[in-house]
Amino acid sequence: MRGRIFFIVLFAITSTSSWGQFIFDDHFCEDYGNFKPFEYDIDSYSFTIKLSETCDPSADGSFDVRNLMTSELKTSQQNSSFTVPTSDFTEGKPMHYCFRKRNGTHNSNDPNGTAYAGVKLNHDEFKGGFLILINGELLSRISSVFEAYKLALIGDGWSVTVLPIKSTDSIPAIKRLIKEMYLSMPELRSVFIIGDVPIPYSGQGIRPDGHEEHAGAWMADVYYADLDDDWTDVSVNDSESSYERHRNIPGDGKFDQTFCPSPTELEIGRIYFENLPIFTETPQELYERYLTKDINYRTGKTHIDKEYILQSQQVYPDIMLKDLWLLSGTATPARKFTQTENMNLVAESSQTSYRFGFGDSYGSPTSCNNIVTSQQFKEDSLQVSFITFSGSYFGNWSYDNTLLSVACASKGNTIAATWGVFTNPLHYLNSGQTFGFCQRMSMRGYNGAILGQPNWSGFNNYPSHTVSNMLIGDPSLKTYILPKLESLSVSNMDSLKINLQWAENTEGNILGYNVYRASSLAGDFVRLNSDYIEADGFVDFSPLVGDNFYMVRAVRLDSGSVASFYTYSTGIIDSIDFQFADSDLDGYAANEDCDDRNPNVNPGKVEIAYNGLDDDCNPETLDDDLDNDGFVLAHDCDDNNPNINPGATEIADNGIDEDCDGMDLITSSVKRLCNATIEIYPNPVSDLLHIQIIGLLDYRVELYDFLGKLISIGDNSKFVSVKNFPPGTYILKLSDLHSNQYIIQRIVVIK
């Protein structure tokens, strides 16, 4: 689908007052990050990032640029065109830049513009390894919908591994399993935790919303994503928290770290519906409902009307709405946030579907005040797929019925949620990346203290790599969706090849289709076509013997303001058990038999020479040219001797016809005729051929070319001149004029 809708839930006001573009104009115009569409010149192969000048009071285009791939800082960028041309551009390779103004008015608490840029980025086709940690008992109860979800992940380009976990398993032991898998699977990228899987706690005095009553150690799933051994449980000694779960003393299994000690190796997200008594459904039913919503969204079955809805109570909007600012800043003009009237999120999303919903307000564990409550999510089918709410308490999902968890478990569309007191860099979604990628970038620990690096600190200046910052929901989700094909049929054609037919994509504007094949669902799917397929079918002329799993995906080129990227539909998968036929009934299938129409030809036969057949189906066993000298029997006068063939050099006077011309080469011939001795020399000859007669002989000399044409004749000649004859083989006939007896000698003329 061409239109994509992003749902981010911001904290809203119940009134419908008009506040224009206060979000950007009043709070974020001191920072770069609102981009115009990039420019790409295919002829000169140049790529240019274009920043918006509308928010620059000095209008001089002065800014710092940091290359986040190399950490290089450029502090002298200044031009009135507000452009950043790149000299090291490679199509398909991402570039990562951060921008900040240099006029001295920059607030260190404000975010910086960040561009994950490039042309024709292709991170959506083969995404990497996806590890699911799921409670083992839950897995056994939801196996049907879980298998459908797993199949959708495979169709989305993920290599899926499932680890059943017990609720009593050791947290360090679980991490060791993850680390072992990471070391054995370099492509492992993302971890999704489902159900009652042990929850790590870490930190001291953490209170991202500023409330002391739940300060202390917080849930820290990022522990599972940071595979360096830098987590300790020896120093924090805090037994004063109001809640036992937030207390942390040495040796209690809770870790010391408040901030992630190193950049995380993996993306991570979780759904935890064990503490939601607000629902009449069991946790099992809630997980099943969530996975069904997840499948429907990624396959294009979730209808989206609009991109954004924002309801704001204007509670610290400069801090709480950074996610929306970053997201809109990298969108194309048609997809930027343009809302000017405050909206009623519950009323609007009950009638209209949104991709992103945002809201900022005060809060409680079960409400974003005057915007939405857990009860409303439970009762109403709110059509917002991705939410970001900012407010107190409800980001602590250890409380019962917390707002964000209830939203994901509800019958509405919500499948991912973040707490807006932290800044989550959602702008990577406009470069085709996933929510998990955004989450991992937030854990990189960037802050405004380092010149030119992005500042993603949140409320109370909590940096985004605080251990309690997390994604509630599936980290593999993305926002650019191409619907899954409706049908695929796979059939055996004449037991030699496989035919695929599918229903064409109805979205339009696609580049074509790709066909992939694997020997099993757990195997590597390999693309079979080199160019996009524009038709609705494909023939595999070299299928695998046994199981063939085929997947077909539509492909489209999408674009944000700083990158273009390929979007792939979730693959539709079908399989067939393929066996070659044995048409001649000789016990050998067509893939083994080089002539399946002839029962006398198969790998079990003995090769019969010179019959024109490969009897034993072995090219190494020769049917002709047995001496392997390059000449078949029809041209080789001795097919058992590689030194004798028409291409060999004749050895004179050895009685062997090496070059297969019918005779041996004689360099000096002594013959007798009628009591006379005759010597003919030299041979080969280039000028005069001498004829010496010892005795009495009256004779005639005739010279013929190799075709039998007479070219010279003479009586009693002592020599024959061959100087003007072309090189080659000639026949000399010397005959007695009285008895008609004669001798024959082959003569070779050379130059």
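Structure shown above.
Residues numbered from 1 in each chain as written. Predicted model: local features only at pLDDT ≥ 70, side-chain atom pairs only at ≥ 80, totals over all residues. Heavy atoms only, no water.

Colleague: Would you mind going over the side chain of His96 with me for this structure?
Modeller: Mapped onto the elements, His96 comes out in strand 7 (residues 95-101). Residue His96 is classed as buried on the basis of its relative accessible area of 4%. Of note is the side chain of His96, whose polar atom sits 2.6 Å from the side chain of Tyr428. Non-local contacts of His96, meaning those with residues more than four positions away in its chain, are made with Arg66, Asn67, Leu68, Met69, Thr114, Ala115, Tyr116, Tyr428 and Met441. (Helix = DSSP H or I, 4+ residues; strand = E, 2+ residues; numbered from the N terminus. Buried < 20%, exposed > 50% of the residue type's maximum accessible area, 1.4 Å probe, protein only. Polar contact = N/O pair within 3.5 Å; in protein donor to acceptor, adjacent residues only side chain to side chain. Contact = heavy atoms within 4.5 Å.)

Colleague: What should I look at first to understand the sheet that holds strand 19 (residues 372-373) in this one?
Modeller: In any sheet, the strands associate via hydrogen bonds between backbone groups, in a parallel or an antiparallel arrangement. Judged by pairing direction, the sheet is antiparallel, and its 3 strands sit side by side in the order 17-18-19 without closing on themselves. In this open sheet, the two strands that pair with only one neighbour each are strand 17 (363-364) and strand 19. Here strand 17 pairs with strand 18 (residues 367-368) via 2 bridges, running antiparallel. When the bridges of strand 18 are listed, Gly363 appears paired with Cys368. (Pairing = 2+ DSSP bridges.)

Colleague: Before we go on, may I ask you to explain the packing of aromatic side chains in this structure?
Modeller: The geometry of two aromatic rings is summed up by the distance between their centres and the angle between their planes. Per the stated rule, a full pass over the model turns up 33 aromatic pairs. Each ring, one from Phe273 and one from Tyr290, has its centre 6.2 Å from the other, and the planes form 65°; the classification is edge-to-face. Of the two residues, Phe273 is situated in the loop between strand 14 (267-271) and helix 6 (283-298) and Tyr290 in helix 6; the sequence distance between them amounts to 17 residues. The exposure class assigned to Phe273 is buried, which follows from its relative accessible area of 1%. Overall, the relative accessible area of 0% leaves Tyr290 in the buried class. Relative to Phe435, the ring of Phe356 lies with its centre 6.4 Å away and its plane at 45°, an arrangement referred to as tilted. With Phe356 in strand 16 (residues 354-360) and Phe435 in helix 12 (residues 435-442), this pair connects stretches of sequence that are 79 residues apart. Ring-pair connections join several aromatic residues into one group, and the members of that group are Phe130, Phe146, Tyr149, Trp158, Phe192, Phe273, Tyr287 and Tyr290. Over the ring of Tyr223 we find Lys175, and its NZ or CZ is 4.0 Å from the ring centre. Here the basic side chain of Arg245 rests over the ring of Tyr399, its NZ or CZ set 5.1 Å away from the ring centre. (Phe/Tyr/Trp six-rings, centres within 6.5 Å; stacked < 30°, edge-to-face > 60°. Lys NZ or Arg CZ within 6 Å of the ring centre and 35° of its normal.)

Colleague: Would you mind going over unusual backbone geometry with me for this structure?
Modeller: For residues besides glycine, phi is generally negative; the peptide bonds are generally trans as well. Omega for the peptide link from Tyr681 to Pro682 comes to -15°, which places this bond in the cis form. Summarising the element assignment, Pro682 is placed in the loop between strand 32 (676-681) and strand 33 (688-694). That bond from Asn683 to Pro684 is cis: its omega, 15°, falls within 30 degrees of zero. Looking at the element boundaries, Pro684 is found in the loop between strand 32 and strand 33. The phi torsion at Asn370 lies on the positive side, around 65°, for a residue other than glycine. Mapped onto the fold, Asn370 is located in the loop between strand 18 and strand 19.

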